[in-house]
Amino acid sequence: MFKYEGISCPHCGEKFKPTDEILICPDCGAPYHRRCIEELGACKFQDLHAKGESWQPPQKAPHEEEETKYDSRAPLRCSRCGTVNSRDKLFCEVCGTPLNRDEPENGAPGSQGPRNTGWQQPPHTMAYNPYTTPFGGLSPDEEIEDIPVKDLALFVGQNTHYFLPKFKDMVTKGKKVSWNWAAFLFDSYYLFYRKMWGPAIVTAVLKFALAIPGLVLFYNMFFLQMGLEMPSGEETLTLMYQLSNIFYILSLAMQAALALFSNYLYQRRVFRSVGKLRERKDSPDYSTMLTAKGGTSVKAVVLCIVATLLFSFLSSTLLLASISSLY
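Keep in mind it's a predicted model, so treat the numbers as computed, not measured.

Focus: the overall build of the protein
If you tally the helices and strands in the protein, you get 10 helices and 4 strands. Along the protein, helices and strands appear, N-terminal first, in the series β-β-α-α-α-β-β-α-α-α-α-α-α-α. Looking at the protein residue by residue over its 327 residues, the buried ones come to 37%. Across the protein, the fraction of contacts at a sequence separation of at least 24, relative to all contacts at a separation of at least 6, is 56%. Approximately 19300 Å² of the protein is accessible, and the part contributed by carbon and sulfur atoms is 59%.

Rendered as structure tokens:
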């Protein structure tokens, strides 16, 4: 997106185009076509220079301002997420991107203008791409089920550009099904990571339960390989073999169900939690509470991994103890 699109050159009156070569006055920041400043020889806003003031683009009508409220081209609009920032801000208060103030970056090479007076070309600014921004193309103040998008973004934390459009699509279309590869591949670990405690615990318990027939088979096959009598009888072993096949299919079905419904479950958790926290939206700690209650939990994933390793360790210990008792 071109930074000076819609702004006219102070000398010729023509609106700047992306292909135009523009020079910026080092004293007041006024932009000119290179040909125009070479024709003028000096900036036409000498009165601003004398007062030490900066050039400002013409003010837009209120309806025009509303249309470009989240446009990264506007002054002090973040070029990454489009958030409106107050003039005393150096960085975007939402995503932390440095705010462009029509000044070249430190050390950035500039094209010299007439009489080598230090005229600079405007610095490169990142184009506004709604699909890689923290809000996924939504306006920060837009509301979904009476909750501002910026509040949802603070609560979600990671991957807001993925979840926020999903949430809006689910609410507007009444959808409950959408595929989530992370939930399919990591099942309960993913749910713990997203602090979905109830579904995470239920999934983990079911996962261990579905693994029991396979563990019994492994336990007996190990005894057979060691040349020892198997603890389970033939009938029990046949039953465990059949159950292990059935439970494996059930395990895959559970993973597919998680992949299909985890986004919906997460959306309901987010909206329910943020809705409760909004009762304290006037509190100075409101943003901190959103971040603390939401976000992700690496610790929960680590604990889940430790529990899995502990389960494996106890199973191995039981197996070794059984073998030792036979000697």
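Having seen the structure, we can now continue with the description.
Points about unusual backbone geometry
The phi dihedral of Asp 187 falls on the positive side, at around 30°, and the residue is not glycine. One can find Asp 187 in helix α6 (residues 181-193). Classification of Asp 187 by relative accessible area gives buried; the value is 7%.

What to know about the packing of aromatic side chains
One pass over the full model with this rule turns up 10 aromatic pairs. With 5.9 Å between their ring centres and 35° between their planes, Phe 163 and Phe 167 make a pair best called tilted. Placement of the pair is Phe 163 and Phe 167 together in helix α5 (residues 160-173), with a separation of 4 residues, close to one helical turn. Like Phe 163, the residue Phe 167 is buried in the burial classification. Between the aromatic rings of Trp 179 and Phe 184, the centroid separation amounts to 5.4 Å while the plane-to-plane angle is 40°, which identifies the pairing as tilted. Since its relative accessible area comes to 32%, Trp 179 is described here as partly exposed. Phe 184 sits in the partly exposed class, given a relative accessible area of 22%. Members of the aromatic cluster, connected to one another through ring pairs, are Tyr 162, Phe 163, Phe 167, Tyr 266 and Phe 271.

Some remarks on a nonpolar patch on the surface
On the surface, Trp 179, Trp 181, Leu 185 and Phe 186 cluster together to form a nonpolar patch covering roughly 460 Å² of accessible area. Here Trp 179 is to be found in the loop between α5 and α6.

Some remarks on the packing of α5 against helix α8 (residues 234-277)
As a packed pair, α5 and α8 sit with axes 10 Å apart at the nearest point and diverge in direction by 90°. Taken together, the axis directions place α5 and α8 in an arrangement best described as roughly perpendicular. Contacts from Tyr 162, Phe 163, Lys 166, Phe 167, Met 170 and Val 171 of α5 reach α8 at Asn 263, Tyr 264, Tyr 266, Gln 267, Val 270 and Phe 271. Residues that form the contact of α5 with α8 fall into these classes: 9 nonpolar, 2 polar and 1 charged.

A closer look at the pattern of salt bridges
For the structure shown, the criterion picks out 11 salt bridges. The partner of Arg 34 in a salt bridge is Glu 21, and the shortest N-O contact between them spans 2.8 Å. Of this pair, Arg 34 sits in helix α1 (residues 34-40) while Glu 21 sits in the segment before β1 (22-24), and the two are 13 residues apart along the sequence. Linking Arg 278 and Asp 151 is a salt bridge whose minimum nitrogen-to-oxygen distance equals 2.7 Å. Linking Arg 278 in the loop between α8 and α9 (286-293) with Asp 151 in helix α4 (residues 149-156), this pair joins segments that are 127 residues apart in sequence.

Quick look at helix α7 (residues 197-225)
Look at α7: 41 Å from first C-alpha to last across 29 residues, which is about the 42 Å you get at 1.5 Å a residue. At Ile 212, α7 is bent by approximately 35°, the largest bend along its length, and proline Pro 213 sits one to four residues beyond. Among the residues making up α7, those that are buried are Ala 200, Thr 203, Ala 204, Leu 210, Pro 213, Leu 217, Tyr 219, Asn 220 and Phe 223.

Details of the nonpolar core
Judged by nonpolar contacts, the single largest core of 32 residues is most densely connected at Leu 152, Leu 164, Phe 167, Tyr 266, Val 270, Phe 271 and Val 274. At the level of secondary structure, the elements contributing two or more residues to this core comprise α4, α5, α6, α7, α8, α9 and α10 (298-325). Considering each element in turn, this core owes the most residues, 6 residues, to α8. Sequence-distant contacts of Phe 167, that is, excluding residues within four places in its chain, are made with Val 156, Asn 263, Tyr 266, Gln 267, Val 270 and Phe 271. Formed by 17 residues, the second largest nonpolar core is a distinct cluster that contains Leu 23, Ala 30, Cys 43 and Trp 55.

Notes on the confidence of the model for the protein
Close inspection of predicted coordinates is inappropriate for parts of the model with low pLDDT. When pLDDT is averaged along the protein, the result is 80, and 76% of the positions lie at 70 or above. Ranking the elements of the protein by mean pLDDT puts helix α3 (residues 62-67) last with 49 and α6 first with 94. Contacts of residues 65-75 to residues separated by more than four positions or lying in other chains number 27 contacts, the stretch itself having pLDDT below 50. In the predicted structure, residues 102-116 sits below a pLDDT of 50 and forms 28 contacts with residues beyond four places in sequence or in another chain.

About the thresholds
- Residues numbered from 1 in each chain as written.
- Predicted model: local features only at pLDDT ≥ 70, side-chain atom pairs only at ≥ 80, totals over all residues.
- Heavy atoms only, no water.
- Helix = DSSP H or I, 4+ residues; strand = E, 2+ residues; numbered from the N terminus.
- Buried < 20%, exposed > 50% of the residue type's maximum accessible area, 1.4 Å probe, protein only.
- Contact = heavy atoms within 4.5 Å.
- Areas by Shrake-Rupley, 256 points an atom, 1.4 Å probe, with all protein chains shown as cover.
- Phe/Tyr/Trp six-rings, centres within 6.5 Å; stacked < 30°, edge-to-face > 60°.
- Patch = residues over 30% accessible without salt bridge, like charges linked within 9 Å, V, L, I, M, F, W, Y side chains within 5 Å.
- Salt bridge = Lys/Arg side-chain N within 4 Å of Asp/Glu carboxyl O.
- Axes fitted to C-alpha atoms, helices over the stretch in contact; angles between N-to-C directions.
- Parallel < 35°, antiparallel > 145°, perpendicular 65-115°, else oblique.
- Nonpolar A, V, L, I, M, F, W, Y, C, P; charged D, E, K, R; others polar.
- Expected span 1.5 Å × (residues − 1).
- Bend = angle between axes of the 7 residues up to and from the residue.
- Core = buried A, V, L, I, M, F, W, Y, C linked by side-chain atoms within 4.5 Å.
- pLDDT = per-residue confidence, 0-100.

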